[in-house]
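If you want the building blocks of each chain, they are given just below.
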Amino acid sequence: MPRRDFVALGASALAFGGCAGAAYVVPRSAPGRLSISVGDVGADGVLMQTADMARPIYVRRLTSGELVAVLASCTHQGCQPEPASDRLICPCHGSEFSFDGAVLQGPAERALVRYAVTEESGDVVVWLQGRGAP
Ligand code: FES
């Protein structure tokens, strides 16, 4: 399978805020880390997911330049929040989260799980240690 394997477009994002949608990318996997190319992180962010992940990790570069990565699993009841133009919106009961995972609107009361992110030699590396497997 090619390293960069686009599985599907985040079409459901179109229903929430008119965002063009974040692509899905299958990351390279190593113990405790997932990585993609810096170029995989489009303007709308990217959803990285391997076959054994129940939910993807959403990676986005903020306007400050900082890269953030959050588990796209709503802390209310576990649905998948979808990226919109300026936030993540849960389709199940309407919770909203900032791109760095903070709750903007309930019913969710807890932030999304956030992962450390680094850039290394043209790659974006998401560090899974201490945060639980997605
Ligand atoms: Fe996301 Fe309920 S599961 S708001």
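As a reminder, the structure under discussion sits directly above these lines.
Keep in mind that this is a model prediction, so the values were computed, not measured. (Residues numbered from 1 in each chain as written. Predicted model: local features only at pLDDT ≥ 70, side-chain atom pairs only at ≥ 80, totals over all residues. Heavy atoms only, no water.)

1. Some details on unusual backbone geometry
- Pro107 follows Gly106 through a cis peptide bond whose omega is 25 degrees.
- Looking at the secondary structure, you find Pro107 in the loop between β10 (103-105) and β11 (114-120).
- One non-glycine residue, Ser121, lies in the positive phi region at around 50 degrees.
- Considering the arrangement of structural elements, one finds Ser121 in the loop between β11 and β12 (123-127). (Helix = DSSP H or I, 4+ residues; strand = E, 2+ residues; numbered from the N terminus.)

2. Brief notes about the nonpolar core
- In this structure, Ile57, Val59 and Val126 are the most contacted members of the largest nonpolar core, which totals 17 residues.
- Formed by 15 residues, the second largest nonpolar core is a distinct cluster that contains Tyr58, Val68, Cys79 and Phe97. (Core = buried A, V, L, I, M, F, W, Y, C linked by side-chain atoms within 4.5 Å. Buried < 20%, exposed > 50% of the residue type's maximum accessible area, 1.4 Å probe, protein only.)

3. What about the sheet that holds strand β9 (residues 96-97)?
- Read from one edge to the other, the open sheet built from 4 strands follows the order β7-β8-β9-β10, with strand pairing classed as antiparallel. One side of each edge strand has no neighbouring strand; the edge strands of this open sheet are β7 (82-83) and β10.
- In the sheet, β9 pairs with β10 via 2 bridges, with the strands oriented antiparallel. For Glu96, the partnering residue across the bridge sits in β10 and is Gln105. (Pairing = 2+ DSSP bridges.)

4. Considering the packing of aromatic side chains
- Enumeration over the complete set of coordinates arrives at 1 aromatic pair.
- Arranged with centres 5.9 Å apart and planes meeting at 45 degrees, the rings of Tyr58 and Phe99 form a pair that is tilted. Remark: Phe99 occurs in the loop between β9 and β10 and Tyr58 occurs in strand β5 (residues 57-61); sequence separation between them is 41 residues.
- A relative accessible area of 1% places Tyr58 in the buried class.
- Given the relative accessible area of 10%, Phe99 is considered buried. (Phe/Tyr/Trp six-rings, centres within 6.5 Å; stacked < 30°, edge-to-face > 60°.)

5. Digging into the environment of Val46
- As for its placement among the helices and strands, Val46 is situated in strand β4 (residues 46-48).
- Considered as a pair, Val46 and Ile36 are 10 residues apart in the sequence and their alpha carbons are 9.8 Å apart.
- Other than its neighbours up to four places away in sequence, Val46 contacts Ala22, Ala23, Val25, Ile36, Asp40, Val41, Ile57, Tyr58 and Val59. (Contact = heavy atoms within 4.5 Å.)

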